[in-house]
Amino acid sequence: MCGIIGIVGNKPVAERLIESLKRLEYRGYDSAGIAGVVGGKVERRRAKGKIKALEAVVAEDPLVAQTGIGHTRWATHGAPNVQNAHPHTAGRVTLVHNGIIENFAELKAELAAAGRTFSSDTDTEVIAHLIDAELATGLAPLDAFKATLDRLTGAYALAVLIEGEANLVLGARRGSPLVVGEGQGEMFLGSDALAVGPFTNRVVYLDEGDYVALDHDSYRIFDASGVAVTRPVRVVPTSAVMLEKGNYRHFMEKEIHDQPEGCQRTISAYVDTLTSRASVPGDIDFSKLDRIQIVACGTSFIAGMVGKYLIEQLADLPVDVEIASEFRYRTPALRSGSLVVAMSQSGETADTLAALRYCKAKGMKSAVVVNAQESTMAREVDVVWPIHCGPEIGVASTKAFTAQVSVMIALAIAAAKARGTIDAAEEQRLVKVLLEAPRLIAEAIGLEDAIKEIAADVAKARDVLYLGRGPMSALALEGALKLKEISYIHAEGYAAGELKHGPIALVDDQTPIVILAPHDSYFEKSASNMSEVMARGGQVIFITDTEGVKHAPAGAKVVVTAPASDPLVSTLVMSAPIQLLAYHVAVVKGADVDQPRNLAKSVTVE
Ligand code: AGP
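All of the points below concern the structure found in this document. Predicted, not measured: the structure shown is a model, and the values here were computed from it.

Conventions used here
Residues numbered from 1 in each chain as written. Predicted model: local features only at pLDDT ≥ 70, side-chain atom pairs only at ≥ 80, totals over all residues. Heavy atoms only, no water. Helix = DSSP H or I, 4+ residues; strand = E, 2+ residues; numbered from the N terminus. Rg over C-alpha atoms; globule rule 2.2 N^0.38 Å. Buried < 20%, exposed > 50% of the residue type's maximum accessible area, 1.4 Å probe, protein only. Contact = heavy atoms within 4.5 Å. Areas by Shrake-Rupley, 256 points an atom, 1.4 Å probe, with all protein chains shown as cover. Lys, Arg positive; Asp, Glu negative; His and termini not counted. Charge placed at Lys NZ, Arg CZ, Asp CG, Glu CD. Core = buried A, V, L, I, M, F, W, Y, C linked by side-chain atoms within 4.5 Å. Axes fitted to C-alpha atoms, helices over the stretch in contact; angles between N-to-C directions. Parallel < 35°, antiparallel > 145°, perpendicular 65-115°, else oblique. Nonpolar A, V, L, I, M, F, W, Y, C, P; charged D, E, K, R; others polar. Near = heavy atom within 4 Å. Polar contact = N/O pair within 3.5 Å; in protein donor to acceptor, adjacent residues only side chain to side chain. Phe/Tyr/Trp six-rings, centres within 6.5 Å; stacked < 30°, edge-to-face > 60°. Lys NZ or Arg CZ within 6 Å of the ring centre and 35° of its normal. Pairing = 2+ DSSP bridges. Right-handed = clockwise from strand over helix to strand, strands pointing away.

Let us now look at the overall build of the chain. Along its length, the chain carries 19 helices and 27 strands. Its C-alpha atoms give the chain a radius of gyration of 25 Å, within 12% of the compact-globule value 25 Å for 606 residues. Expressed along its principal axes, the backbone C-alpha trace of the chain runs to roughly 80 × 50 × 45 Å. Across the 606 residues in the chain, those meeting the buried criterion constitute 60%. Taking the contacts inside the chain whose residues are at least 6 apart along the sequence as the reference set, 71% of them involve residues at least 24 apart. In the structure as shown, the chain presents an accessible area of about 21,800 Å², 51% of it carried by carbon and sulfur atoms. Here the chain holds 60 positive side-chain charges and 74 negative ones, and the gap between their average locations is 1 Å.

So this is what it looks like as structure tokens:
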């Protein structure tokens, strides 16, 4: 997902634009650029690769301006190179864009037919030409901008400079987030609160379709129909400490270690420690609910899978969990008496947002389990179920995952009590189990040195298989996803019972097989799966707990012993070993842990 910053300022802007872009690196990118209004003209500086390449260009050829825009690009249309790097210029207009313009080809053909030529392969450049063409008809900048927005279909967040307008930045959002940052004698535009965080914590979240004109001491917001509106100013506690790596090498490492605290903060928002009762915000009557439909992507989808196991087991409430990109296009049979729960760390994932909107249109009540509490999803649902793990910067989700699972557990307990499938005593017992989880997670993180030793071997593998049963089958998917997305080693997660239906053909003495087997009701079956793969030369990494290790079959290449835990929270405890394994394998391989190739922290395009 691209990152955007705009500043209408009263002091040199180049370094501040770059400082903000560094805050946006976590979103994933392959090129970067800035532009500024210099003596009425607009100058650009762009570079392929990381921001330090852009810094070198600016050092070589300084940009002296007080009003400017900046961008980190995650390529959608056009290769990642300088020519396609933003900002893009056409005539008097220079702009940056996050999103995809779906009708850009027809617009480009129309502009070419009118004699305009293009210097990039991007959809973004088309927007610049459209605004410039409207300006050429004599329209004022804001009117030319609005006329252009009305012609676009698709998703955009935009920041725009106009030649000769040193005290103006234009912005707009549809489908991609954009915020205004309120400063003293200067105004900011950014993709999110982190982008403007170095300059202000007073943030205005633009709504879908809003567009805005900023000058250095004011801003005017208009809704999609062109009516002037005001949006609430929020003070966002994006403290610098939450964004620094501390003494960790990577944000991901820090975020793995932050999990006990993140889960603690999240759990305490859903349980009453005095009465040991669980509750979720909002007026959902679980006793009358006939189904929960969970829609999500990636790791959030896997957190939803864990939720399914627990909610159905405890509350006898049917739960369907679906990949949002499939769900939204398959015409699902939905009933208005169901609840749709979107799961999303960013609250901006395009497919999840579309699936959520689909369900809302069918009359379903809606909730979102989300980290970014001012995100688009958070502002569109009936009820927000926040996680409180702080900003997650590493592209590979870790602390958000366990915080989401914590919410799922609290939800399962609250729904079970409301539906009468557990009594008050059992609710209190389960709440106490949940409250102990952060301590057990911290103990599991203490396995890091043992995991590091395994990592060197796993780093040599071509393929890795993860197996588990019950909720651990979901965690097997998560372990495989973590490994592949940061170390680039092919990995697959499977329900262990599926082994003999195909995957066992993969087993040889070259393929590490990670078996997740806490000592729960599935343990015996998992132990027999372990024997099956060892009989075929499989190199088993057996991740169990202090109870399971007493009963584990001999012969595993490695046994990792996590603290024993109640099945209610075992996915929280067993997450740390698989996250640490992926992390240390990626470190051994010298991979870009926090910003893996081709990935973005939040996928706001389809
Ligand atoms: C997980 O490590 C990935 N970063 C990715 O699968 C992510 O979970 C997915 O893109 C969903 O993002 P969201 O939670 O912000 O919606």
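What follows covers the nonpolar core. Judged by nonpolar contacts, the single largest core of 99 residues is most densely connected at Phe286, Ile292, Trp385, Ile413 and Tyr466. The biggest single contributor to this core is helix α14 (residues 399-419), with 14 residues. Counting 28 residues, the second largest nonpolar core, distinct from the first, contains Ala90, Ile101, Phe104 and Val160.

A separate point is the packing of α14 against helix α15 (residues 424-445). The interhelical angle for the contact between α14 and α15, taken along N-to-C directions, is 175 degrees, at an axis separation of 10 Å. Overall, the two elements α14 and α15 adopt an arrangement that is roughly antiparallel. Contacts from Ser406, Ile409, Ala410, Ile413 and Lys417 of α14 reach α15 at Ala424, Glu427, Leu430, Val431 and Leu434. When grouped by side-chain class, the residues that make up the contact of α14 with α15 number seven nonpolar, one polar and two charged.

Near the ligand you find 13 residues, and of these Ser300, Ser344, Thr349, Val395 and Glu485 are the closest. At a separation of 2.7 Å, an oxygen atom of the ligand approaches a polar side-chain atom of Ser344. Within the contact set of the ligand, a nitrogen atom lies 2.6 Å away from a backbone nitrogen or oxygen of Val395. Computed on the free molecule, the ligand has an accessible area of 410 Å², of which 91% lies beneath the protein chains in the complex.

By the definition in use, this model includes five aromatic pairs. Ring centres of Phe145 and Tyr211 lie 6.4 Å apart, and the angle between their planes is 80 degrees; on these two criteria the pair is classed as edge-to-face. With a gap of 66 residues between them, Phe145 in helix α5 (residues 141-149) and Tyr211 in strand β12 (residues 211-215) connect regions that are remote in the sequence. Given a relative accessible area of 0%, Phe145 falls into the buried group. For Tyr211, a relative accessible area of 5% puts it in the buried group. A network of ring pairs unites the aromatic residues Phe145, Tyr211 and Phe222 as a single cluster. Sitting above the plane of the Phe118 ring, Lys108 keeps its charged end 4.9 Å from the centroid. Directly above the aromatic system of Tyr488 lies the positively charged group of Arg597, at a separation of 3.8 Å from the ring centroid.

Here the focus is the pairing of strand β26 (residues 539-545). Buried residues dominate β26, accounting for six of its seven residues. Pairing of strand β25 (residues 512-516) with β26, which is carried by five bridges, proceeds in the parallel orientation. The partner of Pro512 across the bridge, within β26, is Gln539. Once you follow β25 into helix α18 (residues 523-534) and on to β26, the crossover reads as right-handed.

Let us now look at unusual backbone geometry. Peptide bonds are mostly trans, and most non-glycine residues show a negative phi. For the bond running from His86 to Pro87, omega is 5 degrees, close enough to zero to count as cis. Relative to the helices and strands, Pro87 is located in the loop between β4 (67-73) and β5 (88-90). Of note, the phi angle at Asp316 is positive, near 50 degrees, even though the residue is not glycine. Summarising the element assignment, Asp316 is placed in the loop between α10 (298-315) and β19 (319-323). Given the relative accessible area of 56%, Asp316 is considered exposed.

These figures capture arrangement, not role.
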